[in-house]
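# Coordinate analysis (summary)
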Amino acid sequence: MFSKFGGCGWHGCRRAFIKVFRRKYHHDLIDIAPEVSDALRNSRPIVALESTIITHGMPHPQNFETALEVEEIVRAENAIPATIAILNGRIKVGLSRDELRVLASPELQAIKTSRRDLAYIVSKGGYGGTTVAGTLIIANTVGIRIFATGGIGGVHRDGHVTMDISADLVELGRTPVAVISSGIKSILDIPRTLEYLETQGVCVATWQCPDLDFPAFYTRKSGEKANINFNSALEAAQLIDTSVKMNLKSGILIGVPIPEEFAMDESLINDAISNAVKEACDRGIAGKRVTPYLLSAIGKITAGRSLVANMALIKNNAKIAAQIAVELNGIKRGALMNTTSDSTVRDNLHNYCPTIIGGSIVDVCYTVLEDKAIEMNGATYKSRMKISAGGVGRNLAEGISKLHGRTRFISAVGDDQNGVFIRNLMPKLCITDSLIINSIHPTANCAVVLDSAGDCKVVVGDMQIHSSITPDLIERNEKAIVDSPIIVIDANISHETMEMVFKLCQKYEKPVFFEPTDMLIASKPFELGQELSKVIKFISPNIYELCALGNFFGGTGVSFDEISRLEKQNEVLEFTSEMSRAILPHVDTIVLTLGHHGVVVATKNSPIRGFFREGDCPLYAPTLGSTSGRFYPAEMVPNIVSVSGAGDSFASGFIAAMLRGKSESVCVSVGFEAAKLTLGSPKTVPDHLFDSNHWCWTRALSSKEVF
């Protein structure tokens, strides 16, 4: 991605820095986890995390469990966690689950590692949990600007006599990294610590505290005032960005109050601290042994309540740090786009768009006006006719481009009026330079018959032109596959074309989202064999298509007639649960639309974690392996105009939210809103879908477990 950046702007400097860093440090001293390395290369938001909280701050197994939860919280906010530690003499930036387990082991005897200890532990091949100071040094070295922790060190009580002052404060004064914490540990002298930070030139701010009262770790207020308050992540990111641009070379401390429900009683915690400090003094505990001893003693005195508070505040700090990191990342990208005059740079940032491959069809829809059953007996039914652009692939391309932005569409139309009609309807943000115009076959067309309730009864059509979407066409568009975060296909393309798509997706590790289109061809891509079809990570069937897929993978052999008789919600969910179990070994996520009942999402992905990580080229989040399913009931929609295209609009909304890195419930919510707009429109993809920025992307619908 950076090959065209040269030396221009922030990205050019960053690219040069990373090259120098790797040459000087990476192979000799520092191991950067692949996930973090990729984020550094592609300028994605990253949050550094310290490891002393694992090695010295919490007992086992809470230390390991909390470390995993904190990393998951950062990912859920669309940032990358980078826990920093020393293992076997190697400085690690980003830890695997196994490495976290090793670090959390009570038998490890890791050393609490600040600046003075780094060289010693590395040279001896030892293990170290990095303090705030140690983590600041390493984070700054690799270019991470946001760091989340519990609380920072400071001036110890009687520090004006003993000169016991944490190295965290000195490091904050000379390291341009923003530290998000719940203030200064309550066991310290908070007023003198804040004075020392002022002397060091550290900007001290509060988070959503209008009274500027700086938090005191276990309690929300210390009685000491900060100079600045941030009301939002954007405000914090703007100050951090300005500080870096001014080359101030000093840190920023943002004090985040512990969540109110976990805050401790001030008098209780002060008494506990006083008793613990006296115990430490009586036992001759000094130096870097003081803080771990005091935290342990306070935990015993408070019967474990302080530990619960500690776990809650670090999770909350990580969440806010990730939000600030995402905003800071957006500011940097925006500055690059606004200041550079190199059009190739701008184009490079926008080339990462989803690719949709599938059919373009002109739909002639007849809605029967008589309230009686439609029979195939040659009778004529009074109806209302509507002509619109359709085709699952085409609908998805239009819907996703309106909701997501730049989208590429690979399809075929005839050299006729219907072909012109379809081309003229595609939004400007939908790239159609790969749309084949065929003079032999007419544009695909179909006649749809709906009953008076709006339910589809019969579909007939001419689809010969889909054969023009050939493997050669896909091969000529190989770069589109490379540049896409996800490839969306429908079942209209041939087996041979699917095979070429899957081979390229395997080559470049791209996930496929498959829309089955029709129950008679729903299993089409899986007929190519497991080796090729394993690139299909998402499918979005209706209940009939689910049945076809379930039977293909060895389900119960339920007939389509039996499905049509399923009316009660519990019967529908029982059936979908059984079929989903048969299918899930072969895909990661099933997004099942159930009409007026709602939607079921059956997945191996965490429901609280985004399917993708946000960025110019989002990466598909690896699956967790465990399977779960949730039912999201649909809201009643009054005054339905047409059901045509509602399922495709739902899928468009779901995919658009996925590409923003949103969690499962938000993806479903956006899909529902898109479907509701379509149900109230005569078009398969309504014009006002583009203007629907009023959606609540963070809305979480009620759900219940299915299996």
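Residues numbered from 1 in each chain as written. Predicted model: local features only at pLDDT ≥ 70, side-chain atom pairs only at ≥ 80, totals over all residues. Heavy atoms only, no water.

## As for the overall build of the protein chain
How we decide: Numbering of helices and strands runs from the N terminus; a helix is a DSSP stretch of H or I covering at least four residues, while a strand is a stretch of E covering at least two. Contact criterion: two residues are considered in contact whenever any of their non-hydrogen atoms come within 4.5 Å of each other. Using the Shrake-Rupley algorithm and a 1.4 Å probe, accessible areas are obtained, with residue cover drawn only from the displayed protein chains.
What the protein chain contains, in helices and strands, is 26 helices and 27 strands. Long-range contacts, defined as pairs at least 24 residues apart, comprise 72% of the intrachain contacts of the protein chain with a sequence gap of at least 6. Total accessible area computed for the protein chain in this model is approximately 29700 Å², and 51% of it derives from carbon and sulfur atoms.

## A few points about the nonpolar core
The criterion, for reference: Among the buried residues, those of types Ala, Val, Leu, Ile, Met, Phe, Trp, Tyr and Cys that are joined through side-chain atoms within 4.5 Å form a nonpolar core. Exposure categories follow from relative accessible area, calculated using a 1.4 Å probe and restricted to protein chains: below 20% of the type maximum is buried, above 50% is exposed, and the middle band is partly exposed.
I357, I489, F502, I539 and I590 are the most contacted members of the largest nonpolar core, which totals 52 residues. Setting aside chain neighbours within four positions, we find I357 in contact with I410, I469, I474, I487, V488, I489, D490, I493 and V501. Counting 51 residues, the second largest nonpolar core, distinct from the first, contains L40, A82, V179 and L197.

## Observations concerning the environment of T593
Within the secondary structure layout, T593 lies in strand 22 (residues 589–593). Between the alpha carbons of T593 and A634 there is a distance of 9.9 Å; along the sequence they are 41 residues apart.

## Details of the packing of helix 9 (residues 167–174) against helix 10 (residues 190–199)
Keep this limit in mind: Note on geometry: axes are C-alpha line fits, over the in-contact stretch for helices, and angles between N-to-C directions span 0 to 180 degrees. Here the angle decides the label: under 35 degrees means roughly parallel, over 145 means roughly antiparallel, 65 to 115 means roughly perpendicular, and every other value means oblique. Each crossing gets its handedness from the near helix: less than a right angle anticlockwise from the far helix is left-handed, clockwise is right-handed.
In the contact formed by helix 9 and helix 10, the axes pass within 9 Å of each other and the chain directions differ by 30°. By the angle class used here, helix 9 and helix 10 are roughly parallel. Where helix 9 crosses over helix 10, the two elements pack in a sense that is right-handed. On helix 10, the residues touching L169, V170 and L172 of helix 9 are T193, Y196 and L197.

## Topic: unusual backbone geometry
Put simply, H60 and P61 share a cis peptide bond, and its omega is 10°. At Q208, a residue that is not glycine, the phi angle is positive and equals roughly 55°. Relative to the helices and strands, Q208 is located in the loop between strand 9 (203–207) and strand 10 (228–230). Since its relative accessible area comes to 46%, Q208 is described here as partly exposed. Its identity is not glycine, yet E509 carries a phi of approximately 55°, on the positive side. Topologically, E509 is positioned in the loop between helix 20 (495–508) and strand 20 (512–515). A residue is classified by how much of its surface remains accessible, and E509, at 72% relative accessible area, is exposed.

## Brief notes about the packing of aromatic side chains
Here is the rule we go by: A pair of aromatic rings is counted whenever rings of Phe, Tyr or Trp (Trp by its six-membered ring) have centres within 6.5 Å, and the orientation is called stacked for planes under 30 degrees apart, edge-to-face for over 60 and tilted otherwise.
Per the stated rule, a full pass over the model turns up 10 aromatic pairs. Judged by centre distance (6.4 Å) and plane angle (80°), the ring pair of F514 and F526 falls under edge-to-face. Remark: F526 occurs in the loop between strand 20 and helix 21 (530–533) and F514 occurs in strand 20; sequence separation between them is 12 residues. On the accessibility criterion, F514 (0% relative accessible area) is buried. Relative accessible area serves as the criterion here: at 5%, F526 is assigned to the buried category.

## As for the environment of L566
When you line up the elements, L566 lands in the loop between helix 23 (560–564) and helix 24 (569–583). The residues touching L566, leaving out its near neighbours within four places in the chain, are E571, V572 and F575.

## Looking at the confidence of the model for the protein chain
Put simply, the rule is: Each residue carries a pLDDT score, the predictor's own confidence in it, on a scale running from 0 to 100.
Looking at the protein chain, the pLDDT average stands at 83 and 85% of residues meet or exceed 70. Every residue in residues 1–27 is under pLDDT 50, and counting partners more than four places away or in other chains gives 52 contacts.

## Some points on the pairing of strand 4 (residues 90–93)
To be explicit about the condition: Strands qualify as paired when DSSP identifies two bridges or more between them.
In the sheet, strand 1 (residues 30–32) pairs with strand 4 via three bridges, with the strands oriented parallel. Its bridge partner being in strand 4, I32 is matched across the sheet by V93. Pairing of strand 3 (residues 80–87) with strand 4 involves four bridges; the strand directions are antiparallel. Looking at strand 4, one finds that I86 is bridged to I91. The hairpin turn running from strand 3 into strand 4, its antiparallel successor, is two residues long, and N88 in that turn takes a positive phi close to 55°.

## Observations concerning the pairing of strand 21 (residues 536–539)
Within a regular beta strand, the side chains point alternately toward one face of the sheet and then the other, so they alternate between its two faces. Note that strand 20 and strand 21 share three bridges and pair parallel. Note on strand 21: the bridge partner recorded for F514 is I539. Relative to strand 22, strand 21 runs parallel, the two sharing two bridges. The partner of I539 across the bridge, within strand 22, is I590.

## Thoughts on the pattern of salt bridges
Heads up, the rule is: Any Lys or Arg side-chain nitrogen found within 4 Å of a carboxyl oxygen on Asp or Glu counts as a salt bridge.
Throughout the structure, instances matching the rule amount to 26 salt bridges. Ionic pairing is found between E499 and K503, a salt bridge with its closest N-O pair at 3.3 Å. In this pair, E499 and K503 both sit in helix 20, four residues apart, roughly one turn of the helix. A salt bridge links E635 to K676; the shortest N-O distance between them is 3.2 Å.

## Quick notes on the packing of helix 7 (residues 132–142) against helix 9
Stated precisely, the cut-off is as follows: Under the scheme applied here, ten amino acids are nonpolar (Ala, Val, Leu, Ile, Met, Phe, Trp, Tyr, Cys and Pro), four are charged (Asp, Glu, Lys and Arg), and all others, including Gly, are polar.
One way to put it is that helix 7 packs onto helix 9 with a least axis distance of 8 Å and a crossing angle of 25°. Looking at the two axes, helix 7 sits roughly parallel to helix 9. The handedness of the crossing between helix 7 and helix 9 is left-handed. Contacts from V132, A133, L136 and I137 in helix 7 reach A167, D168, E171 and L172 in helix 9. Residues that form the contact of helix 7 with helix 9 fall into these classes: six nonpolar, no polar and two charged.

## Some points on empty space enclosed by the protein
What counts, and what does not: A 1.4 Å probe that fits but cannot get out identifies a cavity on a 1 Å grid over protein atoms alone, an open set with protein on both sides within 12 Å along at least five of seven lines counts as a pocket, and a residue lines either if it has an atom within 4 Å of a point. Grid points are joined across faces, edges and corners, and a volume is the space filled by probe spheres set on the points.
In total, this model carries four cavities of 30 Å³ or more according to the counting rule given. The calculated volume of the second largest cavity comes to roughly 120 Å³. Considering the residues around the second largest cavity, the lining is formed by 13 residues, among which E50, I53, I54, A67 and V70 are closest to the centre. Sorting the residues of the lining of the second largest cavity by element identifies helix 3 (52–57) and helix 4 (62–76) as the ones contributing at least two each. The element contributing the most residues to the lining of the second largest cavity is helix 4, with four residues. Tallied by class, the residues present in the lining of the second largest cavity amount to nine nonpolar, three polar and one charged.

## Looking at the sheet that holds strand 17 (residues 444–450)
One open sheet accounts for four strands, arranged 14-13-17-18; its pairing is mixed. Where the open sheet ends on each side, the last strands, each with one partner, are strand 14 (383–390) and strand 18 (456–462). Averaged over all adjacent pairs, the angle separating strand axes in this sheet is 20°, with direction ignored. Here six bridges tie strand 17 to strand 18, and the two strands are oriented antiparallel to one another. Its bridge partner being in strand 18, N445 is matched across the sheet by D462.

## Some words on helix 26 (residues 664–679)
Quick note on the threshold: One fewer than the residue count of a helix, multiplied by 1.5 Å, yields its expected span.
The terminal C-alpha atoms of helix 26 lie 22 Å apart, and with 16 residues this matches the ideal 22 Å at 1.5 Å per residue to within 8%. Where burial is concerned, most of helix 26 is hidden: 15 out of the 16 residues are buried.

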